[in-house]
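Understanding the architecture of this molecule
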Amino acid sequence: MIRLRRSAVIDAPIERVWAVLRDFNSHSAWHPAVGPSEIENGEPSDQVGCVRNFTLKDGNQIREQLLALSDRDHVSTYCILDATLPMRNYVATVQLKRVTDGDRTFWHWESTFDVPRGREREFDQLVGGEVYEAGFTALAAYLRRDGRPVSRLAAVDSQGVVATSFGGPEVLQLRRLDSPAPKSGEVRLRQTAIGVNYIDVYIRKGLYRMIEPPAPIGMEAAGVVLESDAPGVRPGDRVAYACTPPGGYVTVRTLPADQLVLLPDHVSEETAAALMLKGMTAEYLLHRTYRVKPGDTVLVHAAAGGVGLLLCQWASALGARVIGTVSSEAKAELARANGCEHPIVTRSYSFAEKTKQASGGRGADVIYDGLGHDAAQENLEALAMRGHWVSYGQATGALEPLNLSGKSGTLSQPVLFHYTQDHLQQMAGRVFTAARDGILKPNVRHRYPLAAAANAHRDLEARRTSGQIVLLP
Amino acid sequence: MIKVYTSSVIDAPADAVWAQVRDFNGLPQWTPFVAESRIEEGQPADRIGCVRNFRLRDGGVIRERLLTLSDFDYQCSYSILESPLGVENYVATLKLTPVTEGNRTFAEWWAEFDCAPEREQALAEQIGQGVFQAAFDSLKKVVGR
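My aim in this report is to walk through the structure given alongside it, one point at a time. (Residues numbered from 1 in each chain as written. Chains lettered and ligands numbered in written order. Predicted model: local features only at pLDDT ≥ 70, side-chain atom pairs only at ≥ 80, totals over all residues.)

**Section: the overall build of chain B**
As a reminder of what qualifies: Only DSSP runs of H or I covering at least 4 residues are called helices, and only runs of E covering at least 2 are called strands; the numbering of each starts at the N terminus. The contact criterion used here is simple: two residues whose C-beta atoms, placed from the backbone, lie within 7 Å are in contact.
When you go through chain B residue by residue, the secondary structure sums to 3 helices and 7 strands. Element order for chain B, N to C, with α for helix and β for strand: β-α-α-β-β-β-β-β-β-α. Long-range contacts, defined here as pairs at least 24 residues apart, represent 47% of the contacts in chain B between residues at least 6 apart.

Written as structure tokens, this is what we have:
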């Protein structure tokens, strides 16, 4: 058995080094020997048990599994599952320790493994030298490059669409804005696509008091990093965000790097801007608030709406029977084409009877309800025994207190931000994977110049749009 | 119970640094604040349980008992029996780890102890910087390249 131990001192605080190393899929970004790498099954790259599947630059293929990860002790342990190299029983541990003298980091990397007899020296050099020692040097360089962008610009020309006061679309006006240089942990990005959501209308009108005019609105966008003062994010990276404070309708934005998601190659910036907020909403509704299982009956209200279509697409792919409510025959066809097996056309929130019929009398195991007050009685009727009622919007008014004991029902009133604050990377990763696999079908039908944001709002409020809307700076 | 942690990098191989610090009676040779030291009852300085009795340059006397000593792990720990510091249940550990890149040494020194709450911050600073870091700085000059 070979036992390797290599160690180095990195001239960066332990937090910066650990922020990179704790990400089990970061190695393709900084290690010179590592080619493309992917975490299997869309799992988060810091979840114990996740598997990274990567190609070395020399062509060898390796699958490694994360066995332990401690943010307290700065320890990561992993093993090789399969490799085209003749290495067996490989278990490695990375441990960081703080060097208080100079705020540096001690990095210890050790492993044990077996190789064919007579090839010990070769593998000692390969793993110890070309993997561990080369890794020390490369990560140190990577962190230096992160911290000192090639061209730090004090100010960057930025324009943004500002709500000059609360009111109609006419309050939206293009203004020159300041885009501050990134502070520690922040990045500045040039935005290339901005998503438009109905919440933007509510914020513009002042129904949701999330800004104090004059201020830019907008919840999601994608773009390219200009400058970074954060580990793991480099100039040129393609990134997207949703769920930050409003302010997305701008050409250049500075914001904390931990709110960003790196875009995989297969996701365009336009798709990301259109999909992140609604896609992550569908993600937590179907995978977190309630875990949809094959055979479940799912009732989706506003099934032809932005989130509704994604719920239909994804729930049907998960093997659920999808029942949906829509307001017209045309929307019923659209919902049906997107995985809704039983669209119910109703303008009076009357759907309980048909839901029961479509489910053999059982009712819906889970109801995704953005309607609220006016549909409450029918929802209670439509709910299956021990069913889960997920109220994620209240378009017709607030729900009144409910008595669910007649069915041992459960009620959730989830908010997207409460999920993204801890699971952003995992949620976005699952959305992007679902888009790549054709499960989610983002449909950008409307593009407006950023300066024409008011027109986009007019069309959205007049229901002249369908599918997703993006603004292009 | 508070914990003080200090770590540094010594530009010398771990073997060489360990040879210097493993001598429980050797503080006067490498720290700036110990004037003289002896092991009580004529015990060898590497016997677990032996007590070092040393006098600081400022006149204070400290007695410490060796609790562990491992040449394999480059690690030793000790407790304070008597001191003018005003600490109780004081246990400290000194540990070296080789840094293969550059053949240097990562040195860690930490202590846990109880004291009056209002003195915690001052004592943590005094021990972490005034003792451990100062000793590391002095050690760098003694063994460093």
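What follows continues from the structure just given.
**Some thoughts on the sheet that holds strand β6 (residues 88-99) of chain B**
Residues and elements named next belong to chain B. Heads up, the rule is: Two strands make a pair as long as DSSP finds a minimum of two bridges between them. For every element, the axis is a line fit to its C-alpha atoms; helices are fit only across the contacting stretch, and the angle between N-to-C directions ranges from 0 to 180 degrees.
With respect to topology, 7 strands assemble into an open sheet ordered β1-β7-β6-β5-β4-β3-β2, the strand pairing being antiparallel. The open sheet has two edge strands with one neighbour each: β1 (2-10) and β2 (34-39). The average undirected angle you get between the axes of adjacent strands in this sheet is 25°. Sheet topology note: the β2/strand β3 (residues 51-56) ladder contains 5 bridges and is antiparallel. Among the inter-strand pairings, E36 is bridged to a residue of β3, identified as R55. Contacts between helix α1 (residues 14-21) and the sheet are confined to β1, β6 and β7 (104-114), with β6 contributing the most and set at about 150° to the helix. Contacting β1 and β7, helix α3 (residues 120-143) runs over the sheet at an angle of about 20° to β1.

**Here we look at the packing of α1(B) against α3(B)**
Residue and element names in this part refer to chain B. For clarity, the threshold we go by: Each crossing is labelled by how the near helix is turned from the far one, with a counterclockwise turn of less than a right angle marking it left-handed and a clockwise turn marking it right-handed.
Where α1 meets α3, the axes come as close as 11 Å, and the angle between the chain directions of the two elements is 115°. As α1 packs across α3, the resulting crossing turns out to be right-handed. Together, A16, V17 and Q20 of α1 and L139, V142 and V143 of α3 make up the contact between the two elements.

**Overview of the nonpolar core**
Across soluble globular proteins, nonpolar side chains show a tendency to be buried alongside one another. Keep this limit in mind: One nonpolar core equals one set of buried Ala, Val, Leu, Ile, Met, Phe, Trp, Tyr and Cys residues connected by C-beta atoms within 7 Å. We call a residue exposed when 12 or fewer other C-beta atoms sit within 10 Å of its C-beta, buried when the count reaches 20 or more, and partly exposed for counts in between; the C-beta positions come from the backbone. Residue ranges labeled as domains rest on an automatic or database domain assignment.
Among the nonpolar cores identified, the biggest contains 94 residues, and V239(A), A240(A), V298(A), L311(A) and V431(A) are the most heavily contacted of them. Sorting elements by how many residues they give to this core places helix α5 (residues 269-289) of chain A first, with 11 residues. Counting the residues that make up this core, at least three belong to each of domain 2 (160-263 + 443-472) and domain 3 (278-418) of chain A. What A240(A) contacts, discounting residues up to four positions off in sequence, is A221(A), A222(A), V261(A), L263(A), E269(A), A272(A), A273(A) and M276(A). Core analysis: the second largest hydrophobic core is formed by 57 residues, A8(A), V17(B), Y74(B) and C76(B) among them.

**Observations concerning the pairing of strand β4 (residues 61-70) of chain A**
Residues and elements named next belong to chain A. In this structure, strand β3 (residues 51-56) lies alongside β4, joined through 5 bridges in antiparallel fashion. Its bridge partner being in β4, N53 is matched across the sheet by R63. Across 8 bridges, the pairing between β4 and strand β5 (residues 75-83) is antiparallel. Of the residues in β5, the one forming a bridge with S70 is V75. Hairpin connection of β4 to β5: 4 residues between the antiparallel strands, including H74 at a positive phi of 55°.

**Digging into the environment of N455(A)**
All names here are of chain A. One can find N455 in helix α11 (residues 453-461). Exposure remark for N455: the 14 C-beta atoms within 10 Å place this residue in the partly exposed category. Distance from N455 to L172, taken between C-alpha atoms, is 9.5 Å for residues 283 residues apart in sequence.

**Brief notes about α3(B)**
Residue and element names in this part refer to chain B. Stated formally: Expected helix span is given by 1.5 Å per residue-to-residue step, counting one fewer step than there are residues. Axes are fitted to the seven residues ending at a residue and to the seven starting at it; the angle between these axes is taken as the bend at that residue.
Look at α3: 32 Å from first C-alpha to last across 24 residues, which is about the 34 Å you get at 1.5 Å a residue. Approximately 30° is the largest bend angle found in α3, and it occurs at Q133. Three or more residues of α3 are buried, namely L123, I127, F132, A135, F136, L139 and K140. Packed against the buried residues of α3 are β1, α1, α2 (27-30) and β7.

**Quick word on the packing of α5(A) against helix α6 (residues 306-317) of chain A**
Residues and elements named next belong to chain A. Operational definition: Orientation is classified from the angle alone, with under 35 degrees giving roughly parallel, over 145 giving roughly antiparallel, 65 to 115 giving roughly perpendicular, and any other angle giving oblique. Basically, the charged four are Asp, Glu, Lys and Arg, the nonpolar ten are Ala, Val, Leu, Ile, Met, Phe, Trp, Tyr, Cys and Pro, and anything else, Gly included, counts as polar.
Two numbers describe how α5 lies on α6: the axes approach to 9 Å, and their chain directions differ by 50°. Taken together, α5 and α6 sit at an angle that is classed as oblique. Pair α5 / α6 crosses with right-handed handedness. Seen from α5, the contacting residues are K278, G279, T281, A282, L285 and L286; seen from α6, they are G306, V307, L310, L311, W314 and A315. Of the residues contributing to the contact of α5 with α6, the split by class is 8 nonpolar, 3 polar and 1 charged.

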